[in-house]
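Summary of the model geometry
Each chain is listed here by its residues.
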Amino acid sequence: MTGTKNVQIERTFDAPIDLIWSMWTEAEHFANWYGPMGAKIPKAEMDVTVGGRRHIGMEMETPNGKMQMFFIGEYREIDPKTRLVYTEAMGDADGNAMTAEQMGMPAGAPMETSVVVELEDLGNQTKMVMTHIGVPADSPGGQGWTMAIDKLEARIAELKG
Amino acid sequence: MAAASAVLDDARLDETFAALANSTRRAILAHLAHGEATVNDLAEPFDMTLPAISKHIKVLEQAGLVTRSRRAQFRPCTIAAAPLAEVADWTDQYRHIWEDRFDRMDEYVQNLQNTQDKKET
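Residues numbered from 1 in each chain as written. Chains lettered and ligands numbered in written order. Predicted model: local features only at pLDDT ≥ 70, side-chain atom pairs only at ≥ 80, totals over all residues.

This part takes up the overall build of chain A. Tallying secondary structure elements over chain A gives 3 helices and 7 strands in all. Taken from N to C terminus, the helices and strands of chain A fall in the order β-α-α-β-β-β-β-β-β-α. The buried share of chain A, taken over its 161 residues, is 22%. (Helix = DSSP H or I, 4+ residues; strand = E, 2+ residues; numbered from the N terminus. Buried ≥ 20, exposed ≤ 12 C-beta atoms within 10 Å, placed from the backbone.)

Residue and element names in this part refer to chain A. Looking at chain direction, strand 2 (residues 40–46) and strand 3 (residues 53–62) are connected through 5 bridges and run antiparallel. Paired with Glu 45 across the two strands is His 55, which belongs to strand 3. Linking two consecutive strands that pair antiparallel, namely strand 2 and strand 3, is a turn of 6 residues; a positive phi of about 90 degrees is found at Gly 51 within it. Bridge analysis of strand 3 against strand 4 (residues 65–79) gives 10 bridges, and the strand direction is antiparallel. Paired with Arg 53 across the strands is Glu 74, a residue of strand 4. (Pairing = 2+ DSSP bridges.)

The next subject is the confidence of the model for chain B. All names here are of chain B. Of the residues in chain B, 79% have a pLDDT of 70 or more, and the chain-wide mean is 79. Throughout residues 1–6 the model reports pLDDT below 50, and contacts reaching past four residues in sequence, or to other chains, amount to 16 contacts. Here the predicted complex scores 0.61 on pTM and 0.74 on ipTM. (pLDDT = per-residue confidence, 0-100. Contact = placed C-beta atoms within 7 Å.)

It is worth spelling out the sheet that holds strand 7 (residues 125–133) of chain A at this point. To summarise the sheet geometry, strands pair through backbone hydrogen bonds and adopt either a parallel or an antiparallel arrangement. Residues and elements named next belong to chain A. Here 7 strands make up an open sheet; going across it, the order is 1-7-6-5-4-3-2 and the pairing antiparallel. Each edge of the open sheet carries a strand with a single partner, namely strand 1 (6–13) and strand 2. Each strand axis lies, on average, 20 degrees off the axis of its neighbour in the sheet, ignoring direction. On the sheet, helix 1 (residues 17–25) packs against strand 1, strand 5 (83–91), strand 6 (113–122) and strand 7 and is oriented at approximately 165 degrees with respect to strand 6. (Axes fitted to C-alpha atoms, helices over the stretch in contact; angles between N-to-C directions.)

Below, the structure written as C-alpha cells:
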C-alpha cells in the first residue's frame, strides 16, 4: 500500500513574507506565476475566506489548437501569512464541478486534491513549504484507486525487468 | 517550454487515468502484459459481445496504452508501457509543474521588488 501520494516542495525566497503571501492570495499576482510558460490565466477568481470559492481558468496553445482548462475549489484554512489550505478539482467555465462520470472515471473516484501552503518569516527571506495532497488512501474511491495504481506499478516493474 | 509540455503531459495523464478507470479495461491490460493477443482472445473471459470488447480496446488504443498490429489478419493487440510509467510517476509530473511555477514566482517577486526599489529612490 503506497498510501496517500503527495508532492512536497520547500523553497526559500528572497522576499518578505507579506509579498509571498500575496502571491497566493491576490488574483492579480497569482495569475502571474501560476500558469505554465506560454499559457494565460484569463480567469482567477479567488474569494480568500474560509469556505470561499476559487475558480481558475487556464488557456494555452497546443498543436491541436487552443486548450482551456478550469479548476475550481474552496479555501479551507487561512492563517494570514503563515498557512493556506485550499482544494482543487477540474471544473467547467461556469465553475461547476465535473463529475467523475463526465471525466470517464468510476463514480466515487476521488477527484479532488488539496494544496497546503506554509510560510515562515525569515526576515528578508521567506521559507515556503507547499504540499499537494493527491489521492487520499482512506477515501472510499481512493482505496481501490491506489490499489489499482500499485498493481500497475508492479506490472510496469515487471515489464521493465 | 518544459512547463507547457508538463501541462500537456498532465492532460494526457487524465486520458490515461480515464482509460484505466474501468475494470474490464484493466483486465484487458493485465492479459496483454503476458503477451500480445487478438480481440477474440481478449474477449474470452468476459460475458460481453465482441463489439463491446472492441470499444474498450479502442479507448485503450486512444490513450496510447495498447497498439494494434497492421500486419496480421487478426491484428493482435500489444501493451504499450510508456503511458503506464507516466501514471506511476504522476507525483514526479506534479513536482515538475510546481517547481516550474515557483521558478516563475521567484522571478516575479524579484522584478516586483526591483521596481519598488526604483520608485523609492
